[in-house]
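# Tertiary structure, described
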Amino acid sequence: MKENVFNKEAFIEDVKENVKNLYRKTLDEASQQEIFQAVSYTVKDVIIDDWLATQKAFDKQDPKMVYYMSMEFLMGRALGNNMINLKMYKEVKEALEEIGLNLDEIEDQEPDPALGNGGLGRLAACFMESLATLGYAAYGCGIRYRYGMFKQKIKDGFQVEVPDNWLKNGYPFELRRPEYSYEVKFGGYVRAEVTEEGKTRFIQENYQSVLAVPYDMPIVGYGNHVVDTLMIWDAEPMECFELDSFDKGDYHKAVEQENLARNLVEVLYPNDNHIAGKELRLKQQYFFVSASVQRALARYKKHHDDIHKLPEKVTFQLNDTHPTVAVAELMRILLDEEGLSWDEAWEITTKTCAYTNHTIMAEALEKWPIEIFSRLLPRIYQIVEEINRRFILQIQAEFPGDNGKVARMAIVYDGQVKMAHLAIAAGYSVNGVAKLHTEILKNEQLHDFYELFPQKFNNKTNGITQRRFLMHGDPLLADWVSEHIGNDWITNLAHIEKLAIYATDKKAQQEFMNIKYQNKLRLAKYIKEHNGIEVDPRSIFDVQVKRLHEYKRQLLNILHVMYLYNELKEHPDMDFYPRTFIFGAKAAAGYKNAKLTIKLINNVADVINNDRSINGKIKVVFIEDYRVSIAEWIFAAADVSEQISTASKEASGTGNMKFMLNGALTLGTMDGANVEIVEEVGKENAFIFGMSSDEVIAHERNRDYDPMQIFNSDQDIRKVLMQLINGFYSPNDPELFRDLYNSLLNTQCTQFADTYFILKDFRSYAEAQKRVMEAYKDEEGWAKSAILNIAHAGKFSSDRTIQEYVDDIWHLDKITVEV
Ligand code: GL9
């Protein structure tokens, strides 16, 4: 295969040309943003050739392909990673430096396309990158939200949400493809018509429609010339309808239809592990699913004429239940447009769709009121009802007389359409995202379904891409790894195990600690600039960055900080290693306790950071607007990775893997993928605490946990909780944190006090934190553990995850791209 030979002079000439053509400027007149655009277009030129060649390879090699359907793709910035995967990053950096330009600053001009909330959306982005790198044909299917995840501002300690207009300067890495537009229909009614051959046909009438227009983004594989495609859909009004409507004198409807198109893709719902149940959300789901399925089928039919063989060439992976209407949409097209019988259509559908579950949180389970669902999608609802009718017959045949099963498993029940049940009934595969999570699905959450379809259930432990989260985020460490063990880890992370022999090498330990220090300096500088807080890069950087959610227990972390501070005040000479507690988290806009926790962290930070008497031994930092780009720097700088969710609640976690790969030690519960991290690296190289998932589940079942007993018997905990309501951290409004206090103790205010067992795990957490401190004092021991963490992160590459999806679920063919 030909390497992309990089020509510095030609690259710079191209950038200059782009600045001239785009802005009628010379390079020295251009702003940083303009230079970012020009550099991006130059890089895009390189990508385009590979992209074309990849499409040619698809046509010629006719591989089976996966359509990864997801409401969210949390891509993060593209420029840097595209250059890394084109193997031109360092060369471009040098070329730009020679003409006085700084690549870091240029990269910093790119908005983070934040078309996702958190782990689920970032996983989809890592998966696309791994698919391209492994040489599989893949399309990501999603929505081109005009406003992605909101920008977070911290004002007076409170979170304020600001719209993120990421498209305002134009996004260089997208391509509008109007020739692949499709109509998507909403509402109206369904008329049955008997054809001449005596078949019944169903026709949707009096509907509103929008035009789905795709924007394609390139997904560049690492060094293999493969460029897959992320298609994200924009909504435009159907032009012709307006006139039609005026003709019919239906002005109102024409306006409604315009508004539908305008509102549809306006904004991403900012909820993590929680469903808002809004009608517009269901519209978004059907909109992108219908358009994607139509495009996939059109592509298939261009190359194949037997629709029955669709499962040999196409698979739809449903990223959580959000795109599950795909099942019914595929049925609709096969029945109504392809004219297949129910059994033929069902056979194809159930061999084409597969479902991934990402959470056991009850409030995240999607259920749509029949009223909304049937009004919005009348034909789809008919089909779902028929799937349900047949599914209930199957349940009854399998478990005769067990009416409880029907009640628990039906797709349509209690006035609701249950999307997970539909996905499991129709999917040929159901997978969880970490070993423990999959076991909980099989034994608890989806036990009834597991009894009916044991063969469908499988585990695919999540992973992350080392190209972004080591090569791009932590170049010093990446180079150091390569110097010691070569480059193989870049495309096969299992090779990073070779690093293990350096864990006890004094020189390697020194070098590692020095790189960590450099990365801590980089972050300390950022914190100084953005928070005005001076942090000591020699202190332990103890980090919890992730969405704010009660089950993730940021509250446990900050309560422990309050406890430590009390200890330090009482025993000023106690043995203590300086600590910087770093938080970063967005709270869903309507999630009160989550937002209050942010305020608490900031108030605690204010008090502690300004208390001279503790000599800066504790610092608390809340990083504003936590997002992919800053995350890369944070992982690189972390010593301690806080993964402290209530056991059983975090399906997998993926931040835990990013920290590990960057040589941070996990302080965590036996939850999600933490279990497998400890399995890989060994208990002695992590700090594990707290209840097991079995214990948590048993308490939940028996309802026998009483936090009040702990409050009454543990004076340190009591003191910390009292500080929530005595104005210690909020003198002007002593009642400010009352709701947090109540959430822990007061059954009047929450169904169960301390739902997430914060007080129950507190002592065990505090004890684990002590072990962290002791361990850090032994610098060599710490370096050894850190290096072992990196060396044992091999399993957690999304390349491994994708290969498992391919082997067990998708059965894709590899393609090769010649250039
Ligand atoms: C999540 C889980 O909570 C995480 O534990 C898991 O790692 C990711 C990816 O599998 O999926 N499920 C979920 O709803 N979210 C997750 O992060 N939340 C969102 O990002 C919307």
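The residue numbers shown here count from 1 along each chain, following its written sequence. In keeping with the predicted nature of the model, local features appear solely for residues at pLDDT of at least 70, side-chain atom pairs appear and are counted solely at 80 or more, and the whole-chain, interface and lining totals rest on all residues. Hydrogens are left out, water is left out, and the side-chain values use all remaining heavy atoms of the structure.

The protein is annotated in an unreviewed UniProt entry as Alpha-1,4 glucan phosphorylase from Roseburia intestinalis L1-82. The UniProt entry for the protein carries this comment under Catalytic activity (unreviewed entry): "[(1->4)-alpha-D-glucosyl](n) + phosphate = [(1->4)-alpha-D-glucosyl](n-1) + alpha-D-glucose 1-phosphate". UniProt positions are given in the numbering used here, feature names are shortened, and annotations may be inferred rather than shown by experiment.

## Thoughts on the overall build of the protein
Numbering of helices and strands runs from the N terminus; a helix is a DSSP stretch of H or I covering at least four residues, while a strand is a stretch of E covering at least two. Helix and strand content of the protein: 33 helices and 25 strands. In terms of overall size, the protein behaves like a compact globule, its C-alpha atoms giving a radius of gyration of 27 Å where 819 residues would be expected to give roughly 28 Å. Overall, the C-alpha framework of the protein stretches about 95 × 75 × 55 Å when taken along its three principal axes. Exposure is judged per residue with a 1.4 Å probe applied to protein chains only, and the accessible area is read against the type maximum: over 50% gives exposed, under 20% gives buried, and values in between give partly exposed. Counting across all 819 residues of the protein, residues that qualify as buried make up 62%. The contact criterion used is simple: two residues touch if any of their non-hydrogen atoms lie within 4.5 Å. Put simply, 78% of the contacts in the protein that link residues at least 6 apart link residues at least 24 apart. The globule rule used for comparison is 2.2 Å times the number of residues to the exponent 0.38, while the radius of gyration itself is calculated over C-alpha atoms.

## Some details on the nonpolar core
In summary, soluble globular proteins display a tendency toward joint burial of nonpolar side chains. Buried residues of nine kinds, namely Ala, Val, Leu, Ile, Met, Phe, Trp, Tyr and Cys, make up a nonpolar core once their side-chain atoms join them within 4.5 Å. The biggest cluster of nonpolar side chains holds 284 residues, and the ones touching the most others in it are F287, F373 and I618. Domain start and stop positions are those given by an automatic or database domain assignment. Taken domain by domain, the makeup of this core includes at least three residues from each of domain 1 (62-76 + 112-462) and domain 2 (472-796). Excluding its chain neighbours within four sequence positions, the residues that come into contact with F287 are V184, F186, V210, L211, A212, W233, D234, A235, L264 and V265.

## Notes on the pairing of strand β21 (residues 579-584)
Summarising burial for β21: 6 of the 6 residues are buried, a large majority. On β21, burial covers both faces: R579, F581 and F583 on one face and T580, I582 and G584 on the other are all buried. Only when DSSP finds a minimum of two bridges between them are two strands counted as paired. Pairing of strand β20 (residues 540-545) with β21, which is carried by 6 bridges, proceeds in the parallel orientation. By the bridge assignment for β21, V545 is matched with G584. Orient the strands so they point away from the viewer; a crossover is then right-handed if the path from the first strand over the helix to the second runs clockwise. For the crossover that starts at β20, traverses helix α22 (residues 554-570) and ends in the parallel β21, the hand is right-handed. Judged from the 6 bridges that link them, β21 and strand β22 (residues 618-623) form a sheet pairing that is parallel. Paired with G584 across the strands is I623, a residue of β22.

## Here's the deal with the packing of aromatic side chains
The aromatic pairing rule takes the rings of Phe, Tyr and Trp, using the six-membered ring of Trp, and pairs them if the centres are within 6.5 Å, calling planes under 30 degrees apart stacked, those over 60 edge-to-face and the rest tilted. One pass over the full model with this rule turns up 27 aromatic pairs. With 6.3 Å between their ring centres and 65° between their planes, Y182 and W233 make a pair best called edge-to-face. Linking Y182 in strand β8 (residues 182-186) with W233 in strand β12 (residues 227-237), this pair joins segments that are 51 residues apart in sequence. Residue class for Y182 comes out buried when judged on its relative accessible area of 16%.

## Description of the domain arrangement of the protein
Looking at the protein, the domain boundaries give domain 1 (62-76 + 112-462) and domain 2 (472-796). In this complex, domain 1 contributes 39 residues to the contact, which on the side of domain 2 involves 44 residues. For the pair domain 1 and domain 2, the summed buried surface comes to about 3200 Å²; carbon and sulfur atoms form 56% of the total. What makes a salt bridge here is a side-chain nitrogen of Lys or Arg within 4 Å of a carboxyl oxygen of Asp or Glu, nothing more. Taken together, domain 1 and domain 2 are joined by 4 salt bridges. Across the salt bridge formed by D625 and K151, the nearest N and O atoms sit 3.4 Å from each other. Using a 1.4 Å probe, buried area is obtained as the accessible area two parts lose upon being combined, added over both of them.

## Section: the side chain of R122
Looking at the element boundaries, R122 is found in helix α6 (residues 119-134). Buried within the structure, R122 lacks any salt-bridge partner; E632 is the closest side chain of opposite charge, at an N-O distance of 6.5 Å. Polar contact is defined as a pair of N or O atoms within 3.5 Å, subject to the rule that within protein one atom must be able to donate a hydrogen and the other to accept it, and that residues adjacent in sequence are counted only when both atoms are side-chain atoms. Only 3.1 Å separates the side chain of R122 from the backbone oxygen of L74, close enough to count as a polar contact. In this view, R122 contacts L74, M75, G76, T465, R468, F469, V628 and K658; residues no more than four positions away in its chain are not counted. This count recognises Lys and Arg as positive and Asp and Glu as negative, with His and chain-terminal groups excluded.

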